[in-house]
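# Structural features, examined
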Amino acid sequence: MPITCGLQKPKQLPVKKAYTTDHMRTLPNSPSHQVSTVNFRPPGFSRREFLRASALLTLSAAMPGCKTGEGGWGPEPIIDIHQHLGYSGRSDEVLLAHQRAMGVTKTILLPAGRPVNTASTHDGRSNGLEAQCLGNEFCYRFAKAHPRHYLFAACEVPDLPDAAQQIEDYLKLGGVAIAELKFGVECDSPEMQKLYELAAEYRVPVLMHWQHKMYSYGFERFYLMLEKHPQTTFIGHAQTWWANIDKHHTDQSVLYPKSKVTPGGLTDRYLSDYPNMYGDLSAGSGLNAFTRDEDHAREFIQRHQDKLLYGSDCNDHDGQGSKCSGAGMIAAIRRLSPTKDIQRKLLYKNAKRVFRI
Ligand SMILES: [Zn+2]
Ligand SMILES: [Zn+2]
């Protein structure tokens with residue numbers, strides 16, 4: 001698709017949307033934030049929400065982009081909720097080309113925490129999300145330099161003493177999620193619960209990488225967190241999350257099962273039973289969950305059509321072909337979605353709503 005750039009008006013802003021019913025809701029658990037220290041804040045708008053909306057405004061207005069319709073250069077905008085900067089050493093230019101090749105119009109960059117040698121980073125092995133991914137400041141600056149097509153999340157090693165503060169700093173700058181939480185920590189540890197509460201306060205989702213005996217421990221008891229933190233939106237991702245769509249997935253050491261799927265696995269139940277649980281379709285694990293049993297995938301998509309979010313999370317350079325799971329997943333969604341409307345939900349509408357883009 002040709003891109004037409006020139007002098008255009010800055011994009012209309014999330015602030016405008018913020019006056020709609022959805023954004024007028026106040027935060028039930030933060031009455032103190034109703035006390036304004038900011039002028040011109042609309043009634044019913046918490047101070048934190050206002051600060052965040054203002055940050056998004058600044059971000060969007062920072063650099064006029066290409067005026068090519070709602071989302072960018074395609075007739076059908078696609079939101080990719082899961083990519084990284086510096087991924088396996090990939091350059092910024094190659095990332096930009098990769099996302100364009102996939103037809104993605106809005107990308108959310110998920111930072112790593114800062115590099116430390118702790119048990120939660122497996123003595124440093126998991127620094128950079130185990131893939132040289134860059135941290136908050138890089139993602140924030142990149143999004144600021146490419147405001148029409150990129151947003152950023154906020155992240156930190158959860159058990160560092162100032163983790164919540166670090167994350168909050170970047171949420172104030174416009175971070176749209178707490179992600180990617182890919183650390184060797186119990187899913188119900190006090191440190192993680194502090195982040196769940198912070199996410200609820202800022203009304204941003206928390207995205208977690210579930211990988212047996214490696215990242216986010218305690219998947220089988222995660223429902224306790226879903227119940228304890230009903231105001232927090234959780235997004236599940238990675239091998240253990242996707243392997244457990246199958247009721248008969250018993251050997252948790254198998255990360256990419258290939259067998260036919262019987263509905264009713266833990267992941268299927270979390271998605272069905274908890275309104276605050278969503279699924280990130282990114283990476284080989286997401287693609288495998290659909291391609292291992294396409295008949296099941298059609299029903300699964302039908303069942304969870306409002307809960308599934310497209311993401312790529314691939315580190316290839318091309319944005320197409322067999323090495324690009326992100327392009328593979330876009331094709332799978334188009335092939336397996338029962339209706340066009342459901343396809344649009346997975347590729348765009350659900351993410352727009354959940355991330356309040
Ligand atoms: Zn990732
Ligand atoms: Zn790719």
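Here, the structure is the one placed above.
Predicted, not measured: the structure shown is a model, and the values here were computed from it. (Residues numbered from 1 in each chain as written. Chains lettered and ligands numbered in written order. Predicted model: local features only at pLDDT ≥ 70, side-chain atom pairs only at ≥ 80, totals over all residues.)

Okay, the overall build of the chain next. Each helix and strand in the chain was counted, giving 14 helices and 8 strands. In the chain, of all internal contacts separated by at least 6 residues, the share reaching a separation of at least 24 is 75%. (Helix = DSSP H or I, 4+ residues; strand = E, 2+ residues; numbered from the N terminus. Contact = placed C-beta atoms within 7 Å.)

A negative phi angle characterises most non-glycine residues, just as the trans form characterises most peptide bonds. With an omega of -5°, the peptide bond running from A179 to E180 counts as cis. Tracing the backbone shows E180 in strand β4 (residues 178–181). Of note, E130 is a non-glycine position whose phi angle comes to about 60°, a positive value.

With that settled, consider the sheet that holds strand β3 (residues 150–152). With respect to topology, 3 strands assemble into an open sheet ordered β1-β2-β3, the strand pairing being parallel. Because the sheet does not close on itself, it has two edges, and the strands there are β1 (79–83) and β3. Recorded for the sheet is a direction-independent mean angle of 25° between the axes of neighbouring strands. Note that β1 and strand β2 (residues 106–109) share 3 bridges and pair parallel. Bridge pairing in β2 places D80 opposite T107. Each of β2 and β3 is contacted by helix α5 (residues 136–145), which is oriented at about 150° to β3, the strand it contacts most. (Pairing = 2+ DSSP bridges. Axes fitted to C-alpha atoms, helices over the stretch in contact; angles between N-to-C directions.)

As summarised here, the arrangement of the 5 strands in space is β4-β5-β6-β7-β8, forming an open sheet in which the pairing is parallel. The open sheet is flanked by β4 and β8 (308–309), the only strands paired with a single partner. Pairing between β4 and strand β5 (residues 206–209): 2 bridges, direction parallel. Across the sheet, residue L181 finds its bridge partner in β5, namely M208.

Right, let's get into the environment of S88. Looking at the element boundaries, S88 is found in the loop between β1 and α4 (92–102). For S88, a count of 14 C-beta atoms within 10 Å gives the class partly exposed. The spacing of S88 and E130 is 42 residues in sequence and 8.8 Å in space, taken between C-alpha atoms. Setting aside chain neighbours within four positions, we find S88 in contact with A131, Q132 and N315. (Buried ≥ 20, exposed ≤ 12 C-beta atoms within 10 Å, placed from the backbone.)

Time to look at the nonpolar core. Counting 93 residues, the largest nonpolar core has L109, A153, I178, V206 and Y310 as the members making the most contacts within it. The leading source of residues in this core is helix α7 (residues 190–202), at 7 residues. The residues touching L109, leaving out its near neighbours within four places in the chain, are Q83, H84, L85, C139, F142, A143, Y150, F152 and A153. (Core = buried A, V, L, I, M, F, W, Y, C linked by C-beta atoms within 7 Å.)

Let us look at helix α6 (residues 163–172). Side chains that are three or four residues apart share a direction in an α-helix, a result of its 3.6 residues per turn. Within α6, burial applies to A163, I167, E168, Y170 and L171. Burial along α6 is one-sided: seen end-on, the buried residues are contained in an arc of 165°. G174 sits one or two residues past α6 and shows a positive phi near 115°. (Arc of directions from axis to C-beta.)

In this section: α7. Between its terminal C-alpha atoms α7 stretches 19 Å, which fits the 18 Å expected from 13 residues at 1.5 Å a residue. Taken together, the buried positions of α7 are M192, L195, Y196, L198, A199, A200 and Y202. (Expected span 1.5 Å × (residues − 1).)

In contact at an axis separation of 10 Å, α6 and α7 are set at 20° when each is read in the N-to-C sense. Taken as axis vectors, α6 and α7 run roughly parallel relative to one another. Between α6 and α7 lies a crossing whose hand is right-handed. Between α6 and α7, the residues in contact are A163, A164, I167, E168 and L171 and E191, K194, L195, L198 and Y202, respectively. Split into classes, the residues belonging to the contact of α6 with α7 amount to 7 nonpolar, no polar and 3 charged. (Parallel < 35°, antiparallel > 145°, perpendicular 65-115°, else oblique. Left-handed = near helix turned anticlockwise from the far one by under 90°. Nonpolar A, V, L, I, M, F, W, Y, C, P; charged D, E, K, R; others polar.)

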